[in-house]
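# A look at the structure
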Amino acid sequence: MSPRPDNIPSNPNFTYKETGWAGTADWLGYGAPTSPQLSQFRPFAEAREFARSLKLLGWLEWREYVRNAVKPADIPSIPHSAYKGHGWLDYGDWLGTGLKAYHQSPFLPYEAARDFVGMLGLKSSAEWRAYCGGKFERLPPKPVNIPTNPDKAYASKWQSWGRWLDVTRAANSSKPEVSPPM
């Protein structure tokens, strides 16, 4: 086999992602774009119905299922690739949860979310995770417009967990009165 020429990308799926990438079969010239791939899987609506029947909560659980369960051969492990342009929206739709990825979620602006979180009186990232999991009955549930992983959702504005939780306020308060933001 001869070496790859410099003007041929080693990862054409990334290089041409936004400019017409139609799959490996098309790239290698054997078959119509995506048709060999789709012909081996259930139609999108049927596959999505199967995925929803699993009652998984998100992409991480889907990934775990694919790795450890006996998945039917006609259900793709990577549905976002198999069904791109053929019904695929996102994993929230695929699994029936309606959840969006952080970059798609309509979260509150960072400052408004941080102001609300600061009034909760939490003192550590461990307490934040417990709060997100519903472990603090004295506090209101986490609003859906505040991310569970604020360090990722607000990466460009993120400073620290202490700043997010406003630990200075938390240390000086005994029992905060908190209302969820709108």
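Below: a short report on this structure. Values in this document were obtained by computation on a predicted structure and should not be read as measured data.

### A short note on the overall build of the protein chain
In terms of regular secondary structure, the protein chain is built from 12 helices and 0 strands. Mapped from its N terminus to its C terminus, the protein chain presents α and β elements in the order α-α-α-α-α-α-α-α-α-α-α-α. Looking at the protein chain as a whole, 31% of its 182 residues are labelled buried. Taking the contacts inside the protein chain whose residues are at least 6 apart along the sequence as the reference set, 58% of them involve residues at least 24 apart. As displayed, the protein chain has an accessible area near 11800 Å², and 54% of this comes from carbon and sulfur atoms.

### Regarding unusual backbone geometry
Here the phi dihedral of Lys 55 falls at roughly 60°; this positive angle occurs in a residue that is not glycine. For Lys 55, a relative accessible area of 67% corresponds to the exposed category. Phi is positive for Asp 166, close to 50°, though the residue is something other than glycine. Along the chain, Asp 166 falls in the loop between helix H11 (161–165) and helix H12 (167–172).

### A few points about the side chain of Lys 142
Looking at where Lys 142 falls in the secondary structure, it is placed in the loop between helix H9 (125–132) and helix H10 (150–153). Although Lys 142 lies buried, it forms no salt bridge, and the closest oppositely charged side chain, Asp 151, sits 12 Å away as judged by the N-O distance. Only 2.5 Å separates the side chain of Lys 142 from the backbone oxygen of Ile 146, close enough to count as a polar contact. If near-sequence neighbours (up to four positions away) are discounted, Lys 142 is found in contact with Trp 128, Tyr 131, Cys 132, Pro 147 and Thr 148.

### Section: the nonpolar core
Within the largest apolar cluster, 15 residues are counted, with the highest numbers of intra-cluster contacts made by Trp 62, Tyr 83, Trp 88, Trp 94 and Leu 95. Residue contributions to this core peak at 4 residues, all from helix H4 (residues 44–53). Setting aside residues no more than four positions away along its own chain, Trp 62 makes contact with Ala 51, Leu 54, Leu 56, Ile 75, Pro 76, Ser 77, Pro 79, Tyr 91, Trp 94 and Leu 95. Residues Tyr 110, Ala 113, Phe 116 and Leu 139 belong to the second largest nonpolar core, which totals 14 residues.

### Some remarks on the pattern of salt bridges
Within this structure, the stated rule accounts for 4 salt bridges. Note that Asp 93 is salt-bridged to Arg 48, the shortest N-O span being 3.0 Å. Highlighted residues: Asp 93 in helix H7 (residues 91–95) and Arg 48 in helix H4, separated in sequence by 45 residues. Residue Asp 93 is classed as buried on the basis of its relative accessible area, which comes to 15%. Note that Asp 93 is salt-bridged to Arg 52, the shortest N-O span being 3.0 Å. You can see Asp 93 sitting in helix H7 and its partner Arg 52 sitting in helix H4, a full 41 residues away along the chain. Of the residues examined, Arg 52 reaches a relative accessible area of 32% and is grouped as partly exposed. What you see here is one network of salt bridges that share partners, running through Arg 48, Arg 52 and Asp 93.

What counts as what
Residues numbered from 1 in each chain as written. Predicted model: local features only at pLDDT ≥ 70, side-chain atom pairs only at ≥ 80, totals over all residues. Heavy atoms only, no water. Helix = DSSP H or I, 4+ residues; strand = E, 2+ residues; numbered from the N terminus. Buried < 20%, exposed > 50% of the residue type's maximum accessible area, 1.4 Å probe, protein only. Contact = heavy atoms within 4.5 Å. Areas by Shrake-Rupley, 256 points an atom, 1.4 Å probe, with all protein chains shown as cover. Lys, Arg positive; Asp, Glu negative; His and termini not counted. Salt bridge = Lys/Arg side-chain N within 4 Å of Asp/Glu carboxyl O. Polar contact = N/O pair within 3.5 Å; in protein donor to acceptor, adjacent residues only side chain to side chain. Core = buried A, V, L, I, M, F, W, Y, C linked by side-chain atoms within 4.5 Å.

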